[in-house]
Amino acid sequence: MEWMPSRRQRWFDAPCHLCRLDTVDPDGLCPDCRREWRAALGRPRCRGCGLILAGDGADGKTCAACVGKPSAFEGVIAAVDLDPSVRALVHRLKYRQDFSVVPLLQATLVEAVRADGAVGDIDVLVPMPLHPRQRRRRGFNQSWLLADGVARATGLPLLRRGVRRVRDTGSLTALSARERRRTLKGAFAVDGTVPRRVAIIDDVLTTGASARALAAALRQAGAASVSVWALARTP
Ligand SMILES: [Zn+2]
Ligand SMILES: [Zn+2]
């Protein structure tokens, strides 16, 4: 089928995801945007909350707000901040079904996970579940797409069933941290038992309330340690 465009030709015709100039990059970034993207990816972040470290924290790994505090998670990885360009990419995927951004978003999270060296500490990946109603509305779960990329790149297995969102909480965007906690109590259910060391895969980490509620359900189902690997952290 010679007439079909090769993947490379298709990339060549596609504009850069960020500045819309032509690019041949397989992830869809032009060289200038790639440089900026890489710089954003390399920022050291707090293990407890995923925020960029501003040179504080006794061990160079934890921010002043998190140091000495018990964390709900073994470790938090956030690849990039949810800045306007990242937010635009995530919205293109979630609300406009633009799947052309998926390889870039997957590669971004994969790179952060590799740089962290956390792969060996995890037995299974658990994508943040959507409520079935929400999943039907959107047609797909963006966390599944991210988790798929991480699973393929790292060889870690995906927990494909048994982790469910049983309460449709709607959007939590307008809620305070306390309201989110209250709304999310009992929002997740886990059938059976799960492996000991779990990494939750999420697209955006804001207060971490959803991940904490899911982590509690996973611990009840046998997880000894729960980490969160998110594409983006709300700064
Ligand atoms: Zn560009
Ligand atoms: Zn922190």
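Being a predicted model, the structure only gives us computed values, none of them experimental.

Reading the values: rules and limits
- Residues numbered from 1 in each chain as written.
- Chains lettered and ligands numbered in written order.
- Predicted model: local features only at pLDDT ≥ 70, side-chain atom pairs only at ≥ 80, totals over all residues.
- Heavy atoms only, no water.
- Donors = N, O, S within 2.8 Å, 3.2 Å for Na, K, Ca; no water.
- Tetrahedral: all angles 85-135°; square planar, octahedral: opposite > 155°, others 65-115°.
- Buried < 20%, exposed > 50% of the residue type's maximum accessible area, 1.4 Å probe, protein only.
- 1 Å grid on protein atoms, 1.4 Å probe; cavity = no way out; pocket = protein on both sides within 12 Å on 5 of 7 lines; lining within 4 Å.
- Points joined across faces, edges and corners; volume = space filled by probe spheres on them.
- Helix = DSSP H or I, 4+ residues; strand = E, 2+ residues; numbered from the N terminus.
- Nonpolar A, V, L, I, M, F, W, Y, C, P; charged D, E, K, R; others polar.
- Arc of directions from axis to C-beta.
- Contact = heavy atoms within 4.5 Å.

A. Here's a closer look at the coordination of the zinc ion (ligand 1). Taken together, C16 (SG), C19 (SG), C30 (SG) and C33 (SG) make up the protein donors of the zinc ion (ligand 1), found 2.3 Å from the metal. Taken together, the four donor atoms coordinating the zinc ion (ligand 1) span angles of 102 to 119 degrees at the metal, a pattern that classifies the geometry as tetrahedral. When the donors of the zinc ion (ligand 1) are listed by position in the chain, the intervening gaps give C-x2-C-x10-C-x2-C. For C16, a relative accessible area of 0% corresponds to the buried category.

B. Structural view of unusual backbone geometry. The phi dihedral of R20 is positive, around 70 degrees, even though this residue is not glycine. Even without being glycine, Q97 reaches a positive phi, approximately 50 degrees.

C. Focus on empty space enclosed by the protein. Applying the stated criterion to the full structure yields one cavity of 30 Å³ or more. Estimated volume of the largest cavity: approximately 40 Å³. V90, L93, L105, Q142, L146, D203 and L231 together form the lining of the largest cavity. At the level of elements, α3 (84-96) and α6 (142-154) are the ones that each hand at least two residues to the lining of the largest cavity. Taken together, the residues of the lining of the largest cavity sort by class into five nonpolar, one polar and one charged.

D. Fine view of helix α2 (residues 31-41). Along α2, the residues that are buried comprise C33, W37 and L41. For α2, the buried positions fall inside an angular range of 75 degrees around the axis, keeping them on one side. For α2, the exposed residues set more than 90 degrees away from the buried face come down to P31, R35 and E36. Of the surrounding secondary structure, the elements contacted by the buried residues of α2 are β1 (76-81), α3 and α4 (102-116).

E. Focus on the coordination of the zinc ion (ligand 2). Taken together, C46 (SG), C49 (SG), C63 (SG) and C66 (SG) make up the full set of protein donors to the zinc ion (ligand 2), lying 2.3 to 2.4 Å away. Taken together, the four donor atoms surrounding the zinc ion (ligand 2) define angles of 104 to 115 degrees at the centre, an arrangement classified as tetrahedral. Read N to C, the donor residues that coordinate the zinc ion (ligand 2) are spaced as C-x2-C-x13-C-x2-C. One end of the pair, C46, is in the loop between α2 and β1; the other, C66, is in the loop between α2 and β1, with 20 residues separating them in the sequence. Look at C66 and you get buried, because its relative accessible area is 18%.

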